[in-house]
Amino acid sequence: MSNVMFAMSLLLAAAMIGSAYVAISGKSLSISILAAGAVSLFASVMFVILAAPDVAMTEAAIGSGLTTFLFFFVLGRVRGAKDD
Amino acid sequence: MIKKFATLVLLVGLGAMFSSLLLGYVPDTELNFTARYYADNTVTDTGAANIVTAIIVTYRGLDTLGEVTVLFLTATIVSLILSQARRSDALPARKPLAAGELLETGSRLLIPLILLFGVYVFVGGHLTPGGGFQGGAIVASATLLMLLTNPLKRVSHRLISALESVSGLFYVVIGILGLVFAGGFLDNRILGLGTFGALFSAGAIPVIYTLIGLKVGAEFSSMMFNLSKSEDH
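Before going into details, it helps to say that this report is about the structure given with it.

Let's shift gears to the overall build of chain A. Each helix and strand in chain A was counted, giving three helices and zero strands. Listing the helices and strands of chain A from first to last along the sequence gives α-α-α. The C-alpha atoms of chain A give 15 Å as radius of gyration, which overshoots the globular expectation for 84 residues (12 Å, by more than 25%). Dimensions of chain A, computed from C-alpha atoms along their principal axes, come out at roughly 55 × 25 × 10 Å. Here chain A holds 84 residues, and 19% of them are scored as buried. Counting contacts in chain A only where the partners sit at least 6 residues apart, residues at least 24 apart contribute 40% of the total.

Take a look at the structure:
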């Protein structure tokens with residue numbers, strides 16, 4: 001692994017940890033959902049760097065695509081209800 | 001206070017465990033026995049350019065059948081649970097907010113492209129990275145975009161369930177054909193291996209992965225429709 005790749009994966013790891021922290025710090029639910037999706041997005045780039053494009057595609061499609069929208073969908077439902 | 005202390009202790013313990021793993025890490029200089037076998041024999045055995053696909057669909061085909069079954073059960077259970085909260089179609093539903101020009105035009109432009117890309121991903125699974133599960137998830141995200149634009153949009157439930165069950169049935173039938181005509185269950189050599197790297201090559205792998213893609217896409221889409229149909233109490 002070249003130096004550029006190493007620096008990039010360190011950066012990605014830091015970004016993942018940062019997004020994960022934002023997701024659990026709980027400022028607002030929408031921001032948490034977006035941050036959790038960002039963790040998956042960074043993870044899928046990481047998988048590409050680690051030479052696993054198949055896993056990266058699954059992670060990007062399910063982890064950061066479907067799951068994020070599913071959470072938003074549920075969030076909309078919960079907000080639409082009368083009592084929490 | 002005690003809770004925070006316990007969390008801290010847990011974190012430090014985990015950190016110690018993982019750091020010992022990290023410090024003892026030596027990168028492999030050569031492939032291990034199983035990986036060496038796959039790297040050497042995949043092309044002659046299966047004719048697939050993508051080794052990952054060859055492993056998923058042929059060498060470990062039975063596990064993939066199990067995975068597909070788990071996904072099928074999940075979709076069934078989601079539909080069972082949500083059917084309690086089904087909105088009756090006779091009552092006029094509360095009209096949702098209009099999606100807006102941007103989302104409507106954008107989705108009309110993007111949905112066919114996303115569908116096409118999903119089909120490309122699962123049809124070319126034996127040549128390029130990707131395959132049935134990834135392609136199915138991409139197809140389902142087109143469904144999701146459609147539902148975001150218009151939550152009341154419905155695709156015939158009969159079509160989705162027919163697609164799902166027919167592809168599942170053919171998947172098992174191809175597996176049994178492999179048992180009869182070739183080396184074992186889900187053996188891909190029931191069809192000719194063809195030229196290496198061509199679209200119609202690698203025996204039954206493209207057929208199996210197309211079936212898996214359709215099945216996964218139909219299952220995820222039916223979950224979306226069920227969620228969208230459910231009524232909040």
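Right, let's talk about the interface of chain A and chain B for a bit. Each partner contributes to the interface: chain A provides 13 residues, whereas chain B provides 14 residues. A class-by-class count of the residues in the side of chain A that touches chain B yields eight nonpolar, three polar and two charged.

All names here are of chain A. Despite not being glycine, Ala 51 shows a phi value in the positive range, around 60 degrees. For Ala 51, the position within the fold is in the loop between helix H2 (29–49) and helix H3 (53–80). Judged by the 9 C-beta atoms lying within 10 Å of it, Ala 51 is exposed.

Below, the discussion takes up H2(A). Residue and element names in this part refer to chain A. Taking 1.5 Å of rise per residue, the 21 residues of H2 would be expected to cover 30 Å, and the 31 Å separating its terminal C-alpha atoms lies within 8% of that figure. Burial in H2 covers these residues: Ala 36, Gly 37, Val 39, Leu 41, Phe 42, Ala 43 and Ser 44. Positive backbone phi, at 60 degrees, marks Ala 51, one or two positions downstream of H2.

Attention now goes to the nonpolar core. Counting residues in each nonpolar core, the largest one holds 44 residues, and the members touching the most others are Ala137(B), Ile205(B), Ile208(B), Ile212(B) and Met224(B). Going through the elements one at a time, H2 and H3 of chain A together with helix H3 (51–59), helix H4 (61–82), helix H5 (101–123), helix H6 (132–149), helix H7 (157–181) and helix H8 (205–229) of chain B are the ones with two or more residues in this core. Take this core: its biggest share by element is 12 residues, from H8(B). Filtering out sequence-adjacent residues up to four positions away, Met224(B) remains in contact with Ala140(B), Thr143(B), Leu144(B) and Leu147(B).

The subject of this paragraph is the environment of Leu65(B). All names here are of chain B. Relative to the assigned elements, Leu 65 resides in helix H4. Given 18 C-beta atoms within a 10 Å radius, Leu 65 is considered partly exposed. Considering only alpha carbons, one finds Leu 65 and Tyr 171, 106 residues apart in sequence, at a separation of 8.3 Å.

Our focus in this paragraph is H8(B). Compared with the 36 Å implied by 1.5 Å per residue over 25 residues, the 36 Å span of H8(B) between its first and last C-alpha is a close match. With 21 of 25 residues buried, H8(B) is to be regarded as a mostly interior element.

Residues and elements named next belong to chain B. It is the contact of helix H2 (residues 33–46) with H3, at a shortest axis distance of 10 Å, that shows an interaxial angle of 70 degrees. Considering the angle they form, H2 stands roughly perpendicular to H3. Contacts between H2 and H3 involve Tyr 38, Ala 39, Thr 42 and Thr 46 from the former and Ile 51, Ala 54, Ile 55 and Thr 58 from the latter. In the contact of H2 with H3, the residues fall into five nonpolar, three polar and no charged.

Before going further, it helps to examine the packing of H3(B) against H8(B). The relative placement of two packed helices is expressed as an angle between their axes plus a distance between the axes. Residues and elements named next belong to chain B. At a minimum axis separation of 10 Å, H3 and H8 run at an interaxial angle of 80 degrees. In terms of axis orientation, H3 runs roughly perpendicular to H8. Of H8, the residues touching H3 (which contributes Thr 53, Val 57 and Thr 58) are Ile 205, Ile 208 and Tyr 209. Across the contact of H3 with H8, the residue classes tally to four nonpolar, two polar and no charged.

How each quantity is defined
Residues numbered from 1 in each chain as written. Chains lettered and ligands numbered in written order. Predicted model: local features only at pLDDT ≥ 70, side-chain atom pairs only at ≥ 80, totals over all residues. Helix = DSSP H or I, 4+ residues; strand = E, 2+ residues; numbered from the N terminus. Rg over C-alpha atoms; globule rule 2.2 N^0.38 Å. Buried ≥ 20, exposed ≤ 12 C-beta atoms within 10 Å, placed from the backbone. Contact = placed C-beta atoms within 7 Å. Nonpolar A, V, L, I, M, F, W, Y, C, P; charged D, E, K, R; others polar. Expected span 1.5 Å × (residues − 1). Core = buried A, V, L, I, M, F, W, Y, C linked by C-beta atoms within 7 Å. Axes fitted to C-alpha atoms, helices over the stretch in contact; angles between N-to-C directions. Parallel < 35°, antiparallel > 145°, perpendicular 65-115°, else oblique.

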